[in-house]
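For reference, the chains in residue letters:
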Number of protein chains: 2
Amino acid sequence: MFEFELLACDPESGARAGSFHTPHGIIPTPVFAPVGTQATVKALRPADLHALGASLILSNTYHLYLRPGDERIRDLGGLHQFMGWDGPILTDSGGFQVFSLSETREIDDDGVTFQSHIDGSYHRLTPEKSIEIQENLGADIIMTFDECPPPTDRDYVERSLARTHEWAARSLAAKSRADQALFGIVQGGIFRDLREESARFLIELDLPGYAIGGLAVGETKPEMHTVLEWMEPVLPKEKPRYLMGVGAPEDLVNGVMRGVDIFDCVLPTRLARHGSAWRRGERLNIRNAQFKDDPGPIDSACACYTCQNFSLAYLNHLVRANEILGHILLTTHNVFFLIDLMNGMREAIVEGAFAEYARAFMSHYPQENGD
Amino acid sequence: MFEFELLACDPESGARAGSFHTPHGIIPTPVFAPVGTQATVKALRPADLHALGASLILSNTYHLYLRPGDERIRDLGGLHQFMGWDGPILTDSGGFQVFSLSETREIDDDGVTFQSHIDGSYHRLTPEKSIEIQENLGADIIMTFDECPPPTDRDYVERSLARTHEWAARSLAAKSRADQALFGIVQGGIFRDLREESARFLIELDLPGYAIGGLAVGETKPEMHTVLEWMEPVLPKEKPRYLMGVGAPEDLVNGVMRGVDIFDCVLPTRLARHGSAWRRGERLNIRNAQFKDDPGPIDSACACYTCQNFSLAYLNHLVRANEILGHILLTTHNVFFLIDLMNGMREAIVEGAFAEYARAFMSHYPQENGD
């Protein structure tokens, strides 16, 4: 259980192709996990996720704890049974969303007290409570409880790091189920020594996988890439690496070439609900008047249900008329776009052609200018 | 084209089983048509409609004329191509929705002037304009332009009936496409002589099908049934009969036993968006606290995707969390419920067991008390 097989490594970059074994199936890596915040990937049925080739989905401990309640989900057979998804699931620790969604929160060395964004009721999360909730939910991959500090405030990051490490050890001590893999979360902001210290601490705990947390929260893209480059030689090669909350197409390519195996992000589903769709190098606003009479698909090279069956003109109409089908069809396309990209990268790594694949894909995007 | 084959008639009631041939396929009757107001059956993809066994869908001339525009749809290849639905489509004349949705409208003997509910712009519909729009859309079945009067106001109904008949003749004269069947609409409120006069007038026009309009708009259920019973012997047996805007399960059974072949209604999709689902004899409010921990499906006898895969507890969670998947799954169930009911009735008619089928189904519903 939780074996991570490395199938191929790109000789020119950190990119690797692998397979991560879980109780609910094998996750081919690199992988993008669509986010099912409230036990549903918005606008998609489990059957649609399978058809899109999704192999891992993420769900949020904070949301499910508040509604419908982790004990209720446990009593109904666990999260897989509850949401009708028989593939692998990852749950986060709840910490990040307490910090980002709750208006009132008090953090101390033991945990965090917060008010529900739904009804204002008071709750407390600690490492032990987070693990208890995640065990009730029963995901295949669960996360240590951590604090996600502002990445450029060195004093704060340093103090917070000690707390995050203690919480990681307490998370591991609290864990009781053998059928869940507990991943640790490396913090340390944009500071190399702190990042390396954090990685070393977590490696000591000998966890089955490591996340690189505290990124995509305000730092620049080059800063993010630099942190990933520091981590690549430090994190153990034989364990999967997870970059949390990243999901723009170009960021996935940049992450994979720096050794990341797992990504998750609300971006494909959220953009869809805002009427946007990706194609290589572009993010289209489907509502734009230019698409009103366009008989072509979003992307003529795309094999998704949306591009195979519907014109931009029709999608433009659905978005303007605020029809649910617009959300469904754009979500279908955006999630497929990312899964197809990950599959393309994986295949290229296995075939020893990753550099070429990445170069071709990135040629559609403006080059970074270093700031 | 537009042949209506009668396969079997129930000896004890008006119920019949048939097949109506259209350019986009055969419609087995009796049939329930889900409504795709804005060129989409809300929350369902065309692939889902096929999987549910839908054979006919309805779309609304008023809405499509205003947005995205019937000429645009024509230029994009017609409504079938536009919405990706290759089965039969029926469009209404637009009249009913002008009367029900537009705040400002002036009716005269030539037509009606109204303001768009979207942007307040002024528009005019006449029989000729309605047919022009419906020809641009290109549905298989199109409707004569009519007025739908308050059913119990005899003076108004009588004056309106003359206008509706003239408009029917003008609709027929304006029609130019041979690949569309123009159905007439019988009006006359709850008055037997007016209903019979209307039917006779339209029969004279020798149209390929007849709708019974102006019902389900405020009269009682017994009044509606009485009108259907008056129409049953008057309307030609060899042509399909269409009861507009009716779609509660018990009303479908009551309609079929009174000789109706085609129904349409927004009820299954609208109820779904309001968090309600049918089972025999019941309409469940899925949001109710009683379902929070219920591990069973909406209907343990139901073969739909929703009932096969999801608990009431999960559906309750989706509805409370206002998740799109809640709309999708409840719509799937409600539409399947009606299509399954129609299939059951058709099979029973063919097998000579309709009375039994109808009795068993209706035993779950309170009997009418005549008011």
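Before reading further, recall that the structure is shown in the block above.
All of these numbers come straight from a predicted model, not from anything done at the bench.

About the thresholds
- Residues numbered from 1 in each chain as written.
- Chains lettered and ligands numbered in written order.
- Predicted model: local features only at pLDDT ≥ 70, side-chain atom pairs only at ≥ 80, totals over all residues.
- Heavy atoms only, no water.
- Helix = DSSP H or I, 4+ residues; strand = E, 2+ residues; numbered from the N terminus.
- Buried < 20%, exposed > 50% of the residue type's maximum accessible area, 1.4 Å probe, protein only.
- Contact = heavy atoms within 4.5 Å.
- Areas by Shrake-Rupley, 256 points an atom, 1.4 Å probe, with all protein chains shown as cover.
- Lys, Arg positive; Asp, Glu negative; His and termini not counted.
- Charge placed at Lys NZ, Arg CZ, Asp CG, Glu CD.
- Buried area = accessible area lost by both parts, 1.4 Å probe.
- Salt bridge = Lys/Arg side-chain N within 4 Å of Asp/Glu carboxyl O.
- Polar contact = N/O pair within 3.5 Å; in protein donor to acceptor, adjacent residues only side chain to side chain.
- Nonpolar A, V, L, I, M, F, W, Y, C, P; charged D, E, K, R; others polar.
- Least-squares fit on C-alpha atoms with pLDDT ≥ 70 in both.
- Phe/Tyr/Trp six-rings, centres within 6.5 Å; stacked < 30°, edge-to-face > 60°.
- Lys NZ or Arg CZ within 6 Å of the ring centre and 35° of its normal.
- Pairing = 2+ DSSP bridges.
- Axes fitted to C-alpha atoms, helices over the stretch in contact; angles between N-to-C directions.
- Parallel < 35°, antiparallel > 145°, perpendicular 65-115°, else oblique.
- Left-handed = near helix turned anticlockwise from the far one by under 90°.
- Expected span 1.5 Å × (residues − 1).
- Right-handed = clockwise from strand over helix to strand, strands pointing away.

Visitor: It is not clear to me how the overall build of chain A should be interpreted in this structure. Could you clarify?
Guide: Broken down by element type, chain A carries 15 helices and 16 strands. C-alpha extents for chain A along the principal axes are approximately 60 × 50 × 40 Å. Evaluated residue by residue, chain A yields a buried proportion of 61% over its 371 residues. Within chain A, contacts between residues separated by at least 24 positions form 65% of all contacts whose residues are at least 6 apart in sequence. For chain A, the accessible area works out to roughly 13700 Å², and carbon and sulfur atoms hold 47% of it. Averaged over its 33 positive side-chain charges, chain A has a centre that lies 4 Å from the centre of its 52 negative ones.

Visitor: Looking at this model, I keep getting lost on the interface of chain A and chain B. Mind explaining?
Guide: Many authors give the size of an interface as the accessible area that is lost as the parts come together. Taken together, the 38 residues of chain A in the interface contact 38 residues of chain B. Each partner contributes to the roughly 3200 Å² buried at the junction of chain A and chain B, and carbon and sulfur atoms together form 61% of this total. When the buried area of chain A at its contact with chain B is split by residue, Arg45(A), His317(A) and Ile324(A) rank highest and sum to 20% of it. Linking chain A to chain B there are 6 salt bridges. Put simply, Asp48(B) and Arg45(A) hold a salt bridge, and the shortest N to O gap is 3.6 Å. Here chain A and chain B share 14 residue pairs in polar contact (both at pLDDT 80 or more) between them. Residue assignment for the side of chain A that touches chain B shows that the elements contributing at least two residues are α1 (46-52), α4 (79-83), α12 (305-309), α13 (312-320) and α14 (324-350) of chain A. Residue classes in the side of chain A that touches chain B are distributed as 21 nonpolar, 6 polar and 11 charged.

Visitor: What's the story with the relation of the copies chain A and chain B in this structure? I'm lost.
Guide: What relates the pair of chain copies is a rotation about an axis plus a shift along that axis. With an RMSD of 0.0 Å, the operation that places chain A on chain B is a rotation of 180° combined with a shift of 0.0 Å along the axis. Such a turn and shift between the copies fits a two-fold axis. When C-alpha positions in chain A are compared against the rotation axis, the closest is assigned to Ile324(A), at 3.7 Å. Both copies present the same face, since 100% of the interface residues in chain A are matched by interface residues at the equivalent positions in chain B.

Visitor: Hey, could you run me through unusual backbone geometry in this one?
Guide: Across the chain, the bulk of peptide bonds are trans and the bulk of non-glycine residues have phi less than zero. Across the junction of Arg67(A) and Pro68(A), the peptide omega takes the value 5°, indicating a cis bond. You can see Pro68(A) is positioned in the loop between α2 (61-66) and α3 (70-75). Here the residue pair Thr29(B) and Pro30(B) is connected by a cis peptide bond, since its omega of 0° sits within 30 degrees of zero. By secondary structure assignment, the location of Pro30(B) is in the loop between β3 (25-29) and β4 (31-34). Phi is positive for Ala43(B), close to 80°, though the residue is something other than glycine. With respect to the helices and strands, the residue Ala43(B) is situated in the loop between β4 and α1 (46-52). At Asn322(B), a residue that is not glycine, the phi angle is positive and equals roughly 55°.

Visitor: What am I meant to see in the packing of aromatic side chains here?
Guide: Two aromatic rings, taken as a pair, are described by how far apart their centres are and by the angle between their planes. Residues and elements named next belong to chain A. Here the structure, examined in full by the defined rule, presents 22 aromatic pairs over all chains. Through successive ring pairs, a cluster of aromatic residues spans Phe2, Phe4, Phe20 and Phe183. Seen from the ring of Phe191, Arg154 lies directly overhead, with NZ or CZ sitting 5.3 Å from the centre.

Visitor: Would you mind going over the environment of His63(A) with me for this structure?
Guide: Residues and elements named next belong to chain A. Tracing the backbone shows His63 in helix α2. Note on His63: relative accessible area 10%, which makes it buried. For His63, the contacting residues outside a window of four places in its chain are Thr37, Gln38, Gln97, Leu101 and His117.

Visitor: Explain the pattern of salt bridges here, please?
Guide: Two side chains of opposite charge can pair, provided their charged atoms sit close to one another. Taken as a whole and judged by the stated rule, the model has 46 salt bridges over all chains. Asp206(A) serves as the salt-bridge partner of Lys239(A), at 2.6 Å between the closest nitrogen and oxygen. Taken together, the positions of Lys239(A) in the loop between α9 (221-234) and β13 (241-243) and Asp206(A) in the loop between α8 (192-204) and β12 (210-212) put the pair 33 residues apart, joining distant regions of the chain. Given a relative accessible area of 56%, Asp206(A) falls into the exposed group. As a salt-bridge pair, Glu158(B) and Arg154(B) come within 3.4 Å of each other at their nearest N and O atoms. Placement of both Glu158(B) and Arg154(B) in helix α7 (residues 154-174) is noted, with a separation of 4 residues, approximately one turn of the helix. Take Arg154(B): its relative accessible area is 29%, and that puts it in the partly exposed class. Salt bridges linked by common partners bring Asp108(A), Asp110(A), Arg124(A), Glu128(A) and Arg170(A) together as one network.

Visitor: Help me understand the sheet that holds strand β1 (residues 4-9) of chain A, please; the structure alone is not making it clear to me.
Guide: Hydrogen bonds along the backbone pair up the strands of a sheet, which may run parallel or antiparallel. Residues and elements named next belong to chain A. What the 3 strands build is an open sheet, ordered β1-β2-β3; its pairing is antiparallel. Strands at the two margins of the open sheet, each flanked by one partner only, are β1 and β3 (25-29). Across the sheet, the mean angle separating the axes of adjacent strands is 15° when strand polarity is ignored. As paired elements, β1 and strand β2 (residues 16-22) share 5 bridges and run antiparallel to each other. Bridge assignment links Phe4 to a residue of β2, and that residue is Phe20. Strand contacts of α14: β1, β2 and β3, with the helix running at about 115° to β2, the strand carrying the most contacts.

Visitor: In this structure, what is going on with the packing of helix α10 (residues 249-256) of chain B against helix α14 (residues 324-350) of chain B? I would like to understand it.
Guide: Working note: a packed helix pair is described by the angle between its axes plus the distance between those axes. All names here are of chain B. Two elements in contact, α10 and α14, have axes separated by 10 Å at closest approach and are oriented at 25°. One finds that α10 runs roughly parallel with respect to α14. Crossing angle aside, the handedness with which α10 passes α14 is right-handed. Seen from α10, the contacting residues are Pro249, Leu252, Val253 and Val256; seen from α14, they are Phe337, Leu338, Leu341, Met342, Met345 and Ile349. In terms of residue class, the contact of α10 with α14 is built from 10 nonpolar, no polar and no charged.

Visitor: Where do I start with helix α8 (residues 192-204) of chain B in this structure?
Guide: For an α-helix the count is 3.6 residues per turn, leaving residues at separations of three or four pointing the same way. Residue and element names in this part refer to chain B. For α8, with 13 residues, the first-to-last C-alpha span of 18 Å sits near the 18 Å given by 1.5 Å per residue. Along α8, the residues classified as buried are Leu194, Arg195, Glu196, Ser198, Ala199 and Leu202. Against α7, β11 (181-186), β12 (210-212) and α9 (221-234) lie the buried residues of α8. A positive backbone phi angle near 55° is found at Asp206, which sits one or two residues after α8.

Visitor: Even after reading the chapter, I still don't get the sheet that holds β3(B), so can you show me in this structure?
Guide: All names here are of chain B. In space, the 3 strands of this open sheet follow the order β1-β2-β3, with antiparallel pairing throughout. Two strands bound the open sheet, and with one partner strand each, they are β1 (4-9) and β3. Geometrically, the sheet is characterised by an average inter-axis angle of 15° between neighbouring strands, direction not taken into account. Each of β1, β2 (16-22) and β3 is contacted by α14, which is oriented at about 115° to β2, the strand it contacts most.

Visitor: Is there a simple way to explain the pairing of β11(B) in this structure?
Guide: Regular strands show a simple pattern: their side chains alternate between the two faces of the sheet. All names here are of chain B. Most of β11 sits inside the fold, with 6 of its 6 residues counted as buried. Because side chains alternate across β11, one face comprises the buried residues Ala181, Phe183 and Ile185, and the other comprises Leu182, Gly184 and Val186, equally buried. Judged from the 3 bridges that link them, strand β10 (residues 141-143) and β11 form a sheet pairing that is parallel. Pairing of Met143 across the sheet is with Phe183, part of β11. Following the backbone out of β11, through α8 and into the adjacent parallel β12, one traces a crossover that is right-handed.

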